[in-house]
Amino acid sequence: MTDYRSRLLTPPREEEDISPYRPVWRSILVENAAYAGVTAVAFILFGLLSLDIPNPVRQPLNLALAALPTGLWVVFSLLPERFALRPRRQLLAVFLFSALIARAIGQPLIDDFFRIDEWLPLESALNRIVGYTFTVGIVQAALCYLVVRTLTWPSDLRDRYDALAYTMAAALGYALIPSLEFALNGAPNPYVVAADTFSRVGTLVVSAMLIAYGLAATRFDGAPAFFMPFVLAVASLLAGISIPLYVGFLNASFSLGGVSVQRHLFGIGFTVGFILAGLFLSYILFSNSERQAREQDR
């Protein structure tokens, strides 16, 4: 007969540590790494090697590249929720509502009201950062936050990583229609479409990770009332820094192998570094919050 004391010394079974939720960090890494790889391949094929593309194929290819981040999100985030013990049921609603809000409110505000293309690119570097922060940055951050807050608060935010999953859905939904419109505007080279989509998604993803941290801190850690506006301001500032820096890499050309192309290679590298820095910072913030919560529980 087994001694009851041996049960006290037996470590808990591994199954007991399995989270009932889909892991979010892994999905974010896989999706962004996959699209970074696709963007790099597109740059090599259509930028450096100048692969000729028939006109009937160019537009469908551009549309596929613009929609690929959404496809990766569906495969690695949305569909796996069906197999989680406690799925996040509002992901698709957040994605669709964010896409509609971006088209109905976000783009008209930026393009028709602020008209940033008419005056902001001519300003100094510091003024461009301030300008993009108080136009594109704050509009994107505020609308993504409002969508997630409206559709998920508070019952669907059961775990702090629920906030991260939902803000990722909002970011990708917000980026979809502008990316498709860029792909349909004329007949751009596919590597230009891929790089532009990657930059847009990267800026929104990093802002969304900070917004998720603010939502989680407000929901689970009792953060003060001013904390969420502060987080939104920081998320807007990061977008305000990212956009002009990325554009700055595209202002000159270089020659490689006799082929002159815009410096999208450096822009792609900047976007990769920007996403990695945002992931690192957000992971530290979330880990510290979890550690502090466990210490308080003990």
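Up top you'll find the structure we're talking about.
Described below are features of the structure shown in this document. Being a predicted model, the structure only gives us computed values, none of them experimental.

### Examining the overall build of the protein
Piece 1. Looking only at helices and strands, the protein has 10 helices and 2 strands in total.
Piece 2. Counting from the amino terminus, the protein carries its helices and strands in the arrangement α-α-α-α-α-α-α-α-α-β-β-α.
Piece 3. Expected size for 298 residues packed as a compact globule is a radius of gyration near 19 Å; at 21 Å, the protein falls within 12% of this value.
Piece 4. For the protein, the spread of C-alpha atoms along the three principal axes comes to 80 × 45 × 30 Å.
Piece 5. Of all 298 residues assigned to the protein, the portion counted as buried reaches 45%.
Piece 6. In the protein, the share of contacts with a sequence separation of at least 24, taken over all contacts with a separation of at least 6, comes to 79%.
Piece 7. Carbon and sulfur atoms make up 64% of the accessible area of the protein, which totals about 15400 Å².
Piece 8. Each charge sign in the protein was given a centre, from 22 positive and 22 negative side chains, and these centres are 4 Å apart.

### Digging into helix α7 (residues 160–184)
One turn of an α-helix holds 3.6 residues; hence residues three or four places apart share an orientation.
Piece 1. Between the first and last C-alpha of α7 there are 38 Å, a value that for 25 residues agrees with the 36 Å anticipated at 1.5 Å per step.
Piece 2. Burial analysis of α7 places 20 of its 25 residues in the buried class, the great majority of the element.
Piece 3. By the N-cap criterion, in which a side-chain oxygen at the helix start approaches the backbone nitrogen of a residue two or three places on, α7 is capped by Asp 159, the distance to Tyr 161 being 2.8 Å.
Piece 4. Immediately beyond the C-terminal end of α7, within one or two residues, lies Gly 186, with a positive phi of roughly 80°.

### Focus on unusual backbone geometry
Piece 1. Omega for the bond connecting Trp 153 with Pro 154 falls within 30 degrees of zero, at -10°, which places this linkage in the cis form.
Piece 2. As for its position among the elements, Pro 154 is in the loop between α6 (125–152) and α7.
Piece 3. Positive phi outside glycine occurs at Ser 50, with the angle close to 50°.
Piece 4. With respect to the helices, strands and loops of the structure, Ser 50 is situated in the loop between α2 (24–48) and α3 (55–78).
Piece 5. Judged by relative accessible area, which is 43%, Ser 50 ranks as partly exposed.

### Considerations on the side chain of Thr 70
Piece 1. Here Thr 70 lies in helix α3.
Piece 2. Not counting chain neighbours up to four residues away, the residues in contact with Thr 70 comprise Phe 95, Leu 172 and Leu 176.

### Considering the pattern of salt bridges
Piece 1. Considering all chains together, one arrives at 9 salt bridges under this definition.
Piece 2. We note a salt bridge from Arg 88 to Asp 162, for which the minimum N-O separation is 2.6 Å. In this pair, Arg 88 is assigned in the loop between α3 and α4 (91–114) and Asp 162 in helix α7, connecting sequence segments 74 residues apart.
Piece 3. By relative accessible area, Asp 162 is classed as buried at 0%.

### A look at the packing of α7 against helix α10 (residues 264–297)
Between two packed helices, what matters for the description is the angle formed by their axes and the separation of those axes.
Piece 1. Interhelical geometry of α7 versus α10 gives an angle of 160° and a closest axis separation of 11 Å. As judged from the angle between their axes, α7 and α10 are roughly antiparallel. Residue-level inspection shows Arg 160, Tyr 161 and Leu 164 of α7 in contact with α10, the latter providing Phe 286, Ser 289, Glu 290 and Ala 293.
Piece 2. The residue inventory of the contact of α7 with α10, partitioned by class, reads 4 nonpolar, 1 polar and 2 charged.

### Description of a nonpolar patch on the surface
Piece 1. Taken together, Val 41, Ile 44, Leu 45, Leu 49 and Leu 51 make up a surface patch of nonpolar side chains, about 440 Å² in accessible area.
Piece 2. Mapped onto the elements of the fold, Leu 45 is located in helix α2.

Criteria and cut-off values
- Residues numbered from 1 in each chain as written.
- Predicted model: local features only at pLDDT ≥ 70, side-chain atom pairs only at ≥ 80, totals over all residues.
- Heavy atoms only, no water.
- Helix = DSSP H or I, 4+ residues; strand = E, 2+ residues; numbered from the N terminus.
- Rg over C-alpha atoms; globule rule 2.2 N^0.38 Å.
- Buried < 20%, exposed > 50% of the residue type's maximum accessible area, 1.4 Å probe, protein only.
- Contact = heavy atoms within 4.5 Å.
- Areas by Shrake-Rupley, 256 points an atom, 1.4 Å probe, with all protein chains shown as cover.
- Lys, Arg positive; Asp, Glu negative; His and termini not counted.
- Charge placed at Lys NZ, Arg CZ, Asp CG, Glu CD.
- Expected span 1.5 Å × (residues − 1).
- Polar contact = N/O pair within 3.5 Å; in protein donor to acceptor, adjacent residues only side chain to side chain.
- Salt bridge = Lys/Arg side-chain N within 4 Å of Asp/Glu carboxyl O.
- Axes fitted to C-alpha atoms, helices over the stretch in contact; angles between N-to-C directions.
- Parallel < 35°, antiparallel > 145°, perpendicular 65-115°, else oblique.
- Nonpolar A, V, L, I, M, F, W, Y, C, P; charged D, E, K, R; others polar.
- Patch = residues over 30% accessible without salt bridge, like charges linked within 9 Å, V, L, I, M, F, W, Y side chains within 5 Å.

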